[in-house]
Amino acid sequence: MTDLDVHLAAIVAGDADAFGRWMAGSERVVRESLRSFAAVVDVEAVLQESLLRVWQVAPRFERDGRPNGLLRFAIRIARNLAVSEVRRTRSEPAPPEDLDETLVEHAREPDPLLRAAILECRDKLPPKPRQALDHRLADAGAHDDADLAEALGMRLNTFLQNFTRARQLLADCLKKRGIEVS
Amino acid sequence: MNEDELIEQVAGAYRPRDGYHKAWHDLDAEARRRAYEVALASRSLEAALDTEGLSTTARAVLARITNQTSR
């Protein structure tokens, strides 16, 4: 387990790059903490809003002495926001609020060996899927897929099919190297 | 737009400023769970491809942070 609180002082000081390094290790854990809400809230929207709130309130966060305090705090923010969303949009009960504490132990920094394998697999992609993958990654969520497709001169469904194919080919290539993507 | 294409859209990091992706509303509960799992796997791949280990979600959040004038 990595203690991502090593980035806390810089985050509190307003260093957005440090917050990026913290997110690189924490995003997956926070997303996994929202799995039980996936059918009733848009997890991506809730996650992005939660991470933004973590950045905003980090200067007032107080450590309790345990590692990954900011990550635990982020999970609480995300799950509270998800519960609020369920209450706002639906009448059915929200999923249980108890959290698997072992999730926090899954905090990891990026793996350089995995990166090398994925880069090799990406270089083997056919041109159109590669183009769709690269364009969406470079855009980083700034525009919707209709805009991205238009910029590449593709129809929206063609763009999405190419992206799906790129993702599946990458997963197949990695699987051949003994790496499961999940 | 078929269900797989809707799922691919929802699994992406793009979100309008006012919240949910419009395609999310067109998915049933099982398809929304599939979109969640696709996003989970995709972000790992994206982060591994990024020089700083950031997924498109993290990049989108950082863009919102840097566009803010203050905390």
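Counting starts from 1 at the beginning of each chain's written sequence and moves along it residue by residue. As they are written, the chains are lettered A onward and the ligands numbered 1 onward, keeping that order. For a predicted model such as this one, the threshold for reporting local features is a pLDDT of at least 70, and the threshold for listing and counting side-chain atom pairs is 80 or more; totals across whole chains, interfaces and linings nevertheless cover every residue. Only hydrogens and water are set aside when side-chain values are computed; all heavy atoms of the structure are taken into account.

**Student:** How should helix α4 (residues 69-89) of chain A be read in this particular structure?
**Tutor:** An α-helix turns once every 3.6 residues. As a result, residues three or four positions apart point the same way. Helix and strand definitions here come from DSSP, where helices need a minimum of 4 consecutive H or I residues and strands a minimum of 2 consecutive E residues; each element is numbered from the N-terminal end. Helix span is expected to be 1.5 Å times the residue number reduced by one. Taking 1.5 Å as the rise per residue, α4 of chain A with 21 residues should run 30 Å; its terminal C-alpha atoms sit 30 Å apart, in good agreement. Within α4 of chain A, 15 of the 21 residues are buried, leaving the element largely enclosed by the surrounding structure. Each residue's exposure class comes from its accessible area (1.4 Å probe, protein chains only) as a fraction of the maximum for that residue type: buried when under 20%, exposed when over 50%, partly exposed otherwise.

**Student:** Looking at this structure, I do not really get unusual backbone geometry. What am I missing?
**Tutor:** Among all residues save glycine, negative phi is the norm, and among peptide bonds the norm is trans. Residue and element names in this part refer to chain A. With phi around 55°, Asn 68 is a residue other than glycine that occupies positive phi space. Mapped onto the elements of the fold, Asn 68 is located in the loop between α3 (43-57) and α4. Judged by relative accessible area, which is 0%, Asn 68 ranks as buried. Its identity as a non-glycine residue notwithstanding, Ala 140 has a phi of 50°, on the positive side. Mapped onto the fold, Ala 140 is located in the loop between α6 (127-139) and α7 (145-151). For Ala 140, a relative accessible area of 12% translates into the label buried.

**Student:** So what exactly am I meant to see when it comes to the pattern of salt bridges here?
**Tutor:** Proximity of charged atoms lets side chains of opposite charge pair with each other. A side-chain nitrogen of Lys or Arg and a carboxyl oxygen of Asp or Glu constitute a salt bridge if their distance falls within 4 Å. If you walk through the whole model with that rule in mind, you get 25 salt bridges over all chains. A salt bridge links Arg 43 of chain B to Glu 44 of chain A; the shortest N-O distance between them is 3.1 Å. Residue Arg 43 of chain B is located in helix α2 (residues 29-49), and its partner Glu 44 of chain A is located in helix α3; the two belong to separate chains. The class for Arg 43 of chain B is buried, based on a relative accessible area of 4%. Arg 34 of chain B is paired through a salt bridge with Asp 4 of chain B; the nearest N and O atoms lie 3.0 Å apart. Of this pair, Arg 34 of chain B sits in helix α2 while Asp 4 of chain B sits in helix α1 (residues 3-10), and the two are 30 residues apart along the sequence. Given the relative accessible area of 37%, Arg 34 of chain B is considered partly exposed. Judged by its relative accessible area of 47%, Asp 4 of chain B falls in the partly exposed class.

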